[in-house]
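Results of the structural survey
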Amino acid sequence: MAMKPLIAANWKMNKDIKEAVSFINKFKNLIKNIKNTEIVICAPFTSLSEIKKLIKTTNIKLGAQNMHFEEKGAFTGEISGLMLKDIVEYVILGHSERRQIFHETDDLINKKIESALKNKLKPILCIGETLQQRNNNKTMKIIKNQLKGCLKNVSNDEMKNIVVAYEPVWAIGTGKNATPEQAEEVHKFIRELLSKMYNETISKNTRIIYGGSMKPNNARELLSMPNINGGLVGGASLDAKSFGEICNT
Ligand code: PEP
C-alpha cells in the first residue's frame, strides 16, 4: 500500500505526568530517523499538555483516548472535542473497553465521530468482535454493523481523516494476537465494505490498522499483510524500547 502507515500507542489509564515525560524523552531518540511511518501517542488527558511541549521538534504526534460528543455544558467529568482540538491531532473512539465497560453504542460513537470531525480531529475508530461472536461465525456481521453505525453520515471528504482500527476483542490485552491471516481477512472485508459505502479511491486510501496484542515479535508479520496499514498498540506501547521496536519494524 502506498499510504503512510500509522502506529499508535494506546496508553489507556497508565502513566502519571512524570512517567509520560520520561517515556517521551527516551522514545523520541529511538524513533528519530523514522520518516515513512506516522507515530501517535494516545495518552491520558492529564499528560497531553506536557507531552505536547516535548514533541514539538520530533516526528511524534499526539492523540486522546476518548471525548464527549457535546462541545460544552453540564457534563461533569467529560472532555470535549472543542477542548482537545488545540492539543491533539487524533482521538481514539469506540475502543472495546469503552463499549464494554462504559456501554458505548455505535450510535453514541457516531455522535462522537461527528463532533471530532467538526473540530478537525482525526478519529481512530475501533471495531471488532468478541470471541463468542467469532465462534458463532458472526465476525463479519458485527464488523459491518459497527462500521456502518459508527460512520453514519460521514461524508466522502471527511473519510480522509478517519483511521479504522480492527481490534478483535479477544486479542486485546490477552497476549493472543490474531494471526496475520485472520487479521488480513477482516481488513480486506473492511476495505471492501468501504468501497461499497463510499468508493474505490476512499477505500484504497483509508488506513486500516490492527490492534490486539501487537508486540515487537509479531509486528513484522502482521504489518506485512497487504491490507494492514499500521497498528494500535496497548500493553507493548508502555515501554519505550518495545514500542520503539514496533515503530521501527
Ligand atoms: C488496545 O487496547 O487498543 C490494544 C490493542 O491493547 P493490547 O495491545 O494490549 O492488546
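Residues numbered from 1 in each chain as written. Predicted model: local features only at pLDDT ≥ 70, side-chain atom pairs only at ≥ 80, totals over all residues. Heavy atoms only, no water.

**Comments concerning the overall build of the protein chain**
Within the protein chain one finds 11 helices and 8 strands. A compact globule built from 249 residues would reach a C-alpha radius of gyration of about 18 Å, and the protein chain, at 17 Å, matches this within 12%. If you line up the protein chain on its principal axes, its C-alpha atoms span 45 × 45 × 35 Å. By the burial criterion, 51% of the 249 residues in the protein chain qualify as buried. Of the contacts formed within the protein chain by residues at least 6 apart in sequence, a portion of 72% connects residues at least 24 apart. (Helix = DSSP H or I, 4+ residues; strand = E, 2+ residues; numbered from the N terminus. Rg over C-alpha atoms; globule rule 2.2 N^0.38 Å. Buried < 20%, exposed > 50% of the residue type's maximum accessible area, 1.4 Å probe, protein only. Contact = heavy atoms within 4.5 Å.)

**Concerning the sheet that holds strand β5 (residues 122-127)**
Ordered by their spatial adjacency, 8 strands build a closed barrel running β1-β2-β3-β4-β5-β6-β7-β8, and the pairing between neighbours is parallel. In this sheet, adjacent strand axes meet at a mean angle of 25° when their direction is disregarded. Two strands pair when backbone bridges link them, and strand β2 (residues 38-42) and strand β3 (residues 60-64) are joined in this way by 4 bridges, in the parallel orientation. Across the sheet, the residue bridging to I39 is I60, located in β3. Contacts between helix α7 (residues 139-150) and the sheet are confined to β5 and β6 (163-166), with β5 contributing the most and set at about 155° to the helix. (Pairing = 2+ DSSP bridges. Axes fitted to C-alpha atoms, helices over the stretch in contact; angles between N-to-C directions.)

**What about the site of the ligand?**
For the ligand, the set of nearby residues contains 14 residues, the closest of which are K12, E167, G173, S213 and G234. E167 has a polar side-chain atom sitting 2.7 Å from an oxygen atom of the ligand. Between an oxygen atom of the ligand and a main-chain N or O atom of S213, the distance comes to 2.7 Å. The protein chains hide 97% of the 290 Å² of surface that the ligand would expose on its own. Taken together, the residues of the shell around the ligand sort by class into 4 nonpolar, 8 polar and 2 charged. (Near = heavy atom within 4 Å. Polar contact = N/O pair within 3.5 Å; in protein donor to acceptor, adjacent residues only side chain to side chain. Areas by Shrake-Rupley, 256 points an atom, 1.4 Å probe, with all protein chains shown as cover. Nonpolar A, V, L, I, M, F, W, Y, C, P; charged D, E, K, R; others polar.)

**Notes on unusual backbone geometry**
In this structure, K12 is a non-glycine residue whose phi angle is positive, near 55°. Note that K12 resides in the loop between β1 (6-10) and α1 (17-30). Notably, K120 is not glycine yet its phi reads approximately 65°, a positive angle. Inspection of the secondary structure assignment puts K120 in the loop between α5 (106-118) and β5. Here K120 falls in the exposed class, since its relative accessible area comes to 72%.

**With respect to helix α10 (residues 216-223)**
Here α10 has its buried residues at N218, A219 and L222. Axial view of α10: buried residues confined to an arc of 120°, hence all on one face. Turned more than 90 degrees away from the buried face of α10 sit N217, R220 and E221, all of them exposed. At its buried positions, α10 is contacted by α8 (180-197), β7 (207-211) and α11 (240-247). (Arc of directions from axis to C-beta.)

**Quick look at the pairing of β7**
β7 sits mainly inside the fold: 5 of its 5 residues count as buried. Relative to β7, β6 runs parallel, the two sharing 4 bridges. In the sheet register, V164 faces β7, and the bridge partner there is I208. As paired elements, β7 and strand β8 (residues 230-233) share 2 bridges and run parallel to each other. Bridge pairing links G211 to L232 in β8.

**What to know about the packing of aromatic side chains**
Describing an aromatic ring pair means giving the distance of the ring centres and the angle of the ring planes. Applying the stated criterion to the full structure yields 4 aromatic pairs. Plain terms: the ring middles of W11 and F23 are 4.8 Å apart, the flat faces sit at 75° to each other, and that makes the pair edge-to-face. With W11 in the loop between β1 and α1 and F23 in helix α1, this residue pair connects regions lying 12 residues apart in the sequence. When the centroid spacing of 5.2 Å and the interplanar angle of 25° are considered together, the rings of F27 and F243 count as stacked. You can see F27 sitting in helix α1 and its partner F243 sitting in helix α11, a full 216 residues away along the chain. Neither residue differs from the other here; F27 and F243 are each classed as buried. Among the aromatic residues, ring-to-ring pairing joins W11, F23, F27 and F243 into one connected group. The side chain of K15 reaches across the aromatic face of W11, ending 5.3 Å from its centre. Taking NZ or CZ as reference, R98 lies 4.1 Å from the ring centre of F102, over its face. (Phe/Tyr/Trp six-rings, centres within 6.5 Å; stacked < 30°, edge-to-face > 60°. Lys NZ or Arg CZ within 6 Å of the ring centre and 35° of its normal.)

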